[in-house]
Amino acid sequence: MASQGPQAPLEFGGPLGAAALMLLLPATTIHLLLVARSGPARLLGPPPHLPGLSALWSPPALLLLLTWLGLQAALYLLPARKVTEGLELKDKSRLRYPINGFQALVLTALLVGLGLSVGLPLGMLSDMLLPLAFTTTLTTFIFSFLLYMKAQMAPPSGLAPGGNSGNTIYDFFMGRELNPRICSFDFKYFCELRPGLIGWVLINLALLMQEAELRGSPSLAMWLVNGFQLLYVGDALWHEEAVLTTMDITHDGFGFMLAFGDLVWVPFTYSLQAQFLLHHPQPLGPPTALVICLINAVGYYIFRGANSQKNTFRKNPSDPSVAGLETIPTATGKRLLVSGWWGMVRHPNYLGDLVMALAWSLPCGLSHLLPYFYFLYFLALLVHREARDERQCLQKYGRAWQEYCQRVPYRIIPYIY
Ligand SMILES: NC(=O)C1=CN([C@@H]2O[C@H](COP(=O)(O)OP(=O)(O)OC[C@H]3O[C@@H](n4cnc5c(N)ncnc54)[C@H](OP(=O)(O)O)[C@@H]3O)[C@@H](O)[C@H]2O)C=CC1
Ligand SMILES: CC(C)CCC[C@@H](C)[C@H]1CC=C2C3=C(CC[C@@]21C)[C@@]1(C)CC[C@H](O)C[C@@H]1CC3
């Protein structure tokens, strides 16, 4: 039976903050879906109307959600081109993870392509977003409850450091068990990259097709948003292994926060730009589009360069592409990069991600704040995430981390932050 883990400082404002977020996040999702299709599309204004239960709840939406989750679970269980081990756990064991996320994306694309060729009305998905988001939110509450119950049976070594405060609301939000699994099926790893991320690009595609149906062809702005975000999702799945070293997998429990983030927040709010464009077409000339493509390319170059440099260095520090970089030794035996991308700021990958986030909003023009929601939310998320990571690194590396902070004083944006 599970016992209390070591006391970790409470995050997100403790139980009150967790309770508030559990109300606020679903309400924000519904608000964004409603305002994106409203005429004024005001991010900060009230929604045009409050939807009744009949607009929110629909059995076909539930059926679609369950089919989608079932399909992605089946693709996860297919033989993988590679099976890799995660980081060492408290009990010194290592879990094994299939690396077949990109394969799941390609197979999903083939299935969708096949469906379209026989007349699948994918564009109709854009009319189901509200009931789908609502149904997925309800499912996420039930799923998080089951995860919470399952954690009662987890051994103490399987519990997350942060989600076992003893307060039910807080622990339900943060997640108690670090790696909840049934046999080899890892729920957190599955949810982090598959149904939500692939669902996001599918929703984008549905919005593009709906625009083509309404206006004869998709707009240039819609093509850019679809292309940029497909690149981002394809990249994440291509580099799936890298997610195994993120704090979500190594540190955070699997509870409402991640389950909702992965299954609801990502597909329904990250597709906001495409939702906005469907209802608010924006003129975009080729020269502006070219500049926006350049901004996305610069962001991607920084994001990928920084992530690949760190991943290569962590896997094999003597790899020729990183062997010449300057490093600081730490007491753990690991070294910290102080030149290359990681010598510019302490989170160059966040900088690249933010530049891309801006490029995803720019095709929507400057008339509305709504399409910039992702950029603003993401800025807040990364500032908060950076602070959490700094705390963990200071704990891990002590004086070496302090020396790194002295040598590389800026966190995300050179000379500014
Ligand atoms: N679109 C979205 O919603 C989100 C996107 N992301 C993106 O996901 C990616 C992963 O981000 P995230 O999981 O936050 O973590 P990072 O990839 O930034 O990893 C942080 C870890 O890197 C290691 N590290 C830090 N500095 C150095 C250094 N100088 N030299 C070597 N190793 C170092 C430390 O771990 P250790 O030393 O133990 O290896 C640290 O804990 C990012 O590109 C981020 O932008 C993240 C969250 C949300
Ligand atoms: C709604 C909550 C307050 C916050 C939820 C956060 C989640 C949406 C994000 C936490 C970490 C994430 C990562 C990614 C997507 C968003 C979530 C799940 C990536 C998979 C995005 C693509 C990158 O290449 C890797 C990221 C890892 C972390």
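Remember, predicted model here, so these are calculated numbers, not experimental data.

Draft legend 1. Broad picture of the UniProt feature "transmembrane region" (unreviewed entry) in the protein chain. The feature "transmembrane region" (unreviewed entry), as annotated in UniProt, sits at residues 12–36, 56–78, 99–122, 128–149, 253–272, 284–303 and 354–382 in this numbering. A distance of 28 Å separates the end C-alpha atoms of residues 99–122, which is 71% helix and 0% strand.

Draft legend 2. Quick peek at the packing of helix H3 (residues 59–77) against helix H5 (residues 129–151). The interhelical angle for the contact between H3 and H5, taken along N-to-C directions, is 65 degrees, at an axis separation of 9 Å. The crossing of H3 and H5 is right-handed. Across the interface between the two elements, Ala-61, Leu-62, Leu-64 and Leu-65 from H3 touch Pro-131, Leu-132, Thr-135, Thr-136 and Thr-139 from H5. Counted by class, the contact of H3 with H5 contains six nonpolar, three polar and no charged residues.

Draft legend 3. Highlighting a nonpolar patch on the surface. Together, Leu-379, Val-383, Tyr-415, Ile-416 and Tyr-417 line one region of the surface with nonpolar side chains, adding up to about 530 Å² of accessible area. If you trace the backbone, Val-383 turns up in helix H15 (residues 373–397). With relative accessibility at 32%, the residue Val-383 sits in the partly exposed group.

Draft legend 4. Region of the structure containing the domain arrangement of the protein chain. Taken domain by domain, the protein chain comprises domain 1 (56–281) and domain 2 (286–416). Computed over C-alpha atoms, the centres of domain 1 and domain 2 are 23 Å apart. Tallying the contact residues gives 25 residues for domain 1 and 28 residues for domain 2. For the pair domain 1 and domain 2, the two sides together bury roughly 2500 Å², of which 67% comes from carbon and sulfur. Interface area lost by domain 1 to domain 2 is led by Phe-228, Tyr-232 and Met-247, which between them contribute 26%. There are three salt bridges connecting domain 1 and domain 2. The shortest N-O distance in the salt bridge between Asp-235 and Arg-304 comes to 2.8 Å.

Draft legend 5. Just the site of ligand 2, in detail. Taken together, 14 residues lie near ligand 2, and Glu-192, Ala-236, Asp-248, Asp-262 and Arg-385 sit nearest. Relative to its unbound accessible surface of 600 Å², ligand 2 loses 85% to contact with the protein. Every element with two or more residues in the shell around ligand 2 is listed here: helix H7 (187–193), helix H9 (220–238), helix H11 (256–269) and H15. Sorting elements by how many residues they give to the shell around ligand 2 places H11 first, with four residues. Among the residues forming the shell around ligand 2, the class breakdown is nine nonpolar, one polar and four charged. There are two domains that each give the shell around ligand 2 at least three residues, and those are domain 1 (56–281) and domain 2 (286–416).

Draft legend 6. Representation of unusual backbone geometry in the model. In this structure, Lys-92 takes a positive phi of about 75 degrees despite not being glycine. When you line up the elements, Lys-92 lands in the loop between strand E1 (83–85) and strand E2 (96–98). Given a relative accessible area of 61%, Lys-92 falls into the exposed group. With phi around 65 degrees, Tyr-415 is a residue other than glycine that occupies positive phi space. Take Tyr-415: it is sitting in the segment after helix H16 (399–407). Given the relative accessible area of 72%, Tyr-415 is considered exposed.

Rules of the game
- Residues numbered from 1 in each chain as written.
- Chains lettered and ligands numbered in written order.
- Predicted model: local features only at pLDDT ≥ 70, side-chain atom pairs only at ≥ 80, totals over all residues.
- Heavy atoms only, no water.
- UniProt positions renumbered as here; feature names shortened; annotations may be inferred.
- Helix = DSSP H or I, 4+ residues; strand = E, 2+ residues; numbered from the N terminus.
- Axes fitted to C-alpha atoms, helices over the stretch in contact; angles between N-to-C directions.
- Left-handed = near helix turned anticlockwise from the far one by under 90°.
- Contact = heavy atoms within 4.5 Å.
- Nonpolar A, V, L, I, M, F, W, Y, C, P; charged D, E, K, R; others polar.
- Patch = residues over 30% accessible without salt bridge, like charges linked within 9 Å, V, L, I, M, F, W, Y side chains within 5 Å.
- Areas by Shrake-Rupley, 256 points an atom, 1.4 Å probe, with all protein chains shown as cover.
- Salt bridge = Lys/Arg side-chain N within 4 Å of Asp/Glu carboxyl O.
- Buried < 20%, exposed > 50% of the residue type's maximum accessible area, 1.4 Å probe, protein only.
- Domains from an automatic or database assignment.
- Buried area = accessible area lost by both parts, 1.4 Å probe.
- Near = heavy atom within 4 Å.

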